[in-house]
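Letter by letter, the chains look like this.
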Amino acid sequence: MKTTMQKKVIVIPCSGIGKALGSVSREATYEIVESLRKGVTDTTCLALITSGDEETLQLVKTNKCITVDGCPLQCAEKNVKLAGGELAASFRVVDTLKENRKLKPKSVTFLDHDGQELASLLAKQVAEKVDELLKE
Amino acid sequence: MSEYLSTTFDKFELRVRKGYYYTEDGLWISMEEGRVRVGVSDYVQRTGGDMAFVELLKPGSTVERQREFGTLETAKTTVSLLSPMSGTVEEANGRLVEKPELVNSDPYGEGWLATLAPRKLENELKTLMSADGYFELMLKKLETEHKKLEVR
Amino acid sequence: MVDLPEKKVGIISCSGEACVEGTISRVATRLVLEKLRPEETVTICLPLFLAGGKEERAFAKYYPTITVDGCDKLCAKTATERYSGKPASSIVITDLTRNPGCSRSGRRKLDSGGLALAEKAAERIAKEVDQVLDHWR
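Reference entry: report on the structure contained in this document. All values derive from a computational prediction rather than experimental measurement.

## Some thoughts on the overall build of chain A
Looking only at helices and strands, one finds six helices and four strands in chain A. Ordered by position from N to C terminus, the α and β elements of chain A give β-α-β-α-α-β-α-β-α-α. Computed over C-alpha atoms, the radius of gyration of chain A comes to 15 Å, within 12% of the 14 Å expected from 2.2 N^0.38 for 136 residues, which places it in the range of a compact globule. Dimensions along the principal axes, computed over C-alpha positions, put chain A at roughly 55 × 30 × 20 Å. Within chain A, buried positions represent 54% of all 136 residues. The contacts of chain A with a sequence gap of at least 6 include a subset with a gap of at least 24, amounting to 63%.

Written out as structure tokens, the structure reads:
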């Protein structure tokens, strides 16, 4: 009997290691895939997409993807597009930051309170988008 | 010959545009016909971080030298912009409303902040540093103040 | 080798979201950068490196690099070899976790076992940095 794989939305952070915004993108992604939209979302490594890993490319080409970039350089969006992934939406941490000016995440290795708060707010925005995409 | 003086710190190239004049805080002016254009140096944008907001006095506002004429708000801090000259704001760079990142990507070009009609040009120009002078100052700051620059 | 103004080592880490070893790789690299060898090291942001970041690629081309990968897919090492050149040293976190007794659950937030591994990996990276710099001198 043939079973159909449930479609998921793949959330891909930039995870930039040099800035707090990269850490926020990563944390927001985990918040979505492990908590807010567990079971209907998944994540994968950006580096595997770019290196041409077969399994990862299959994942991003057959499921809708949302990228979560830390900064305006938008490495996740660029790399997913280049790899031919089905990019359905892009988010930037810096845009959520603009909406929440009091938050100034400083710590990179382990997110501080502002970083956690920013990740949480962004995760909610992305989760709403996930819901929209799943309805389509 | 390069238009810039440059040095490498961490993995970043930090440039100072030749022919411009600088304050110690890292604001530059370039001379144009009857006005000056104002911006921030590569050092300021790099140490400030990703720009989120650029707020400037509106055209028509008067400004005094070394008084605040705007702010740069980044992901990690807010930088007060002290005017290099006294005068009237002629134009504020409207593109920075939607794309504040231009200050990061092109601080000496598309990331310019404002133009001023200067009121005391000759006198106040003497208070500014040449590109060479600012470059030396920047090197000293890098040596004493920074262990690491955040990636941009 | 090109005469360079400063002796620094670039560290290129994977930060694979899919597994806890990616998180360990990331944290270990940050510990080296911030605490263990802050003046001798530079981080190369892998996503930016892959997307064509000119500063990242230029640095990795002229300076020695150490790659830190979470697993044997070796994304950081492969990317470095492809775009800049063979790294001076490569570390794989799963090589360090083969000792029995290491618990490492929690890719989002490292537990005490994961943190201990990250610290151990950081020490190892720091030693590699020293060796690379000694060899360079």
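## A short note on the pairing of strand E2 (residues 41–44) of chain C
Looking along a regular strand, one sees the side chains alternate between the two faces of the sheet. All names here are of chain C. Burial of the side chains of E2 extends over both faces: Thr41 and Thr43 are buried on one face and Val42 and Ile44 on the other. Here strand E1 (residues 9–13) pairs with E2 via four bridges, running parallel. In the sheet register, Ile12 faces E2, and the bridge partner there is Ile44. As for the winding sense of the linkage, the β-α-β connection from E1 through helix H1 (residues 20–36) to E2 is right-handed.

## Re the sheet that holds strand E3 (residues 21–22) of chain B
Residues and elements named next belong to chain B. Spatial strand order, E3-E4-E5-E11-E10-E7: six strands in an open sheet with antiparallel pairing. Here the strands that pair on one side only, and so sit at the sheet edges, are E3 and strand E7 (62–63). As paired strands, strand E4 (residues 27–32) and strand E5 (residues 35–40) are joined by six bridges and run antiparallel to one another. Its bridge partner being in E5, Leu27 is matched across the sheet by Val40.

## Here we look at the packing of H1 of chain C against helix H6 (residues 112–136) of chain C
Residues and elements named next belong to chain C. With their axes 8 Å apart at the nearest point, H1 and H6 run at an angle of 55 degrees to one another. The pairing of H1 with H6 is recorded here as oblique in orientation. Our pair here, H1 against H6, has a crossing hand that is right-handed. Judged by residue contacts, Val20, Ile24, Val27, Ala28, Thr29, Leu31, Val32 and Leu36 of H1 engage Gly114, Leu117, Ala118, Glu119, Ala121, Ala122, Ile125, Ala126 and Val129 from H6. Of the residues contributing to the contact of H1 with H6, the split by class is 14 nonpolar, two polar and one charged.

## Re the environment of Ser6 of chain B
Residue and element names in this part refer to chain B. In this fold, Ser6 is placed in strand E1 (residues 4–9). Under the C-beta neighbour-count criterion, Ser6 is labelled exposed, with 12 such atoms within 10 Å. In this structure the C-alpha to C-alpha distance between Ser6 and Pro107, which are 101 residues apart in sequence, comes to 14 Å. For Ser6, the contacting residues outside a window of four places in its chain are Glu13, Leu14 and Arg15.

## A look at the interface of chain A and chain C
At the interface, 26 residues of chain A touch 25 residues of chain C. The residue makeup of the side of chain A that touches chain C, split by class, is 12 nonpolar, 10 polar and four charged.

## What to know about unusual backbone geometry
Leaving glycine out, the prevailing phi sign among residues is negative, and the prevailing peptide bond configuration is trans. The phi dihedral of Asp10 of chain B is positive, around 60 degrees, even though this residue is not glycine. Here Asp10 of chain B lies in the loop between E1 and strand E2 (12–17). You will see that Leu74 of chain C, though not glycine, has its phi angle at about 55 degrees, which is positive. Looking at the secondary structure, you find Leu74 of chain C in the loop between strand E3 (65–69) and helix H4 (75–83).

## Side note on the nonpolar core
In this structure, Ala47 and Val126 of chain A together with Ala28, Leu46 and Ile125 of chain C are the most contacted members of the largest nonpolar core, which totals 116 residues. In contact with Leu46 of chain C, other than residues within four places in its own chain, are Ile17 and Ala47 of chain A together with Ile12, Ser13, Cys14, Ser15, Ala76 and Ala79 of chain C.

## A few points about helix H3 (residues 54–62) of chain C
All names here are of chain C. Taken residue by residue, H3 has Glu56, Phe59 and Ala60 as its buried positions. Viewed along the axis of H3, the buried residues span an arc of 95 degrees, placing them on a single side of the element. If you follow the buried residues of H3, they end up packed against E1, E2, helix H2 (46–50), E3 and H4.

Reading the values: the criteria
- Residues numbered from 1 in each chain as written.
- Chains lettered and ligands numbered in written order.
- Predicted model: local features only at pLDDT ≥ 70, side-chain atom pairs only at ≥ 80, totals over all residues.
- Helix = DSSP H or I, 4+ residues; strand = E, 2+ residues; numbered from the N terminus.
- Rg over C-alpha atoms; globule rule 2.2 N^0.38 Å.
- Buried ≥ 20, exposed ≤ 12 C-beta atoms within 10 Å, placed from the backbone.
- Contact = placed C-beta atoms within 7 Å.
- Pairing = 2+ DSSP bridges.
- Right-handed = clockwise from strand over helix to strand, strands pointing away.
- Axes fitted to C-alpha atoms, helices over the stretch in contact; angles between N-to-C directions.
- Parallel < 35°, antiparallel > 145°, perpendicular 65-115°, else oblique.
- Left-handed = near helix turned anticlockwise from the far one by under 90°.
- Nonpolar A, V, L, I, M, F, W, Y, C, P; charged D, E, K, R; others polar.
- Core = buried A, V, L, I, M, F, W, Y, C linked by C-beta atoms within 7 Å.
- Arc of directions from axis to C-beta.

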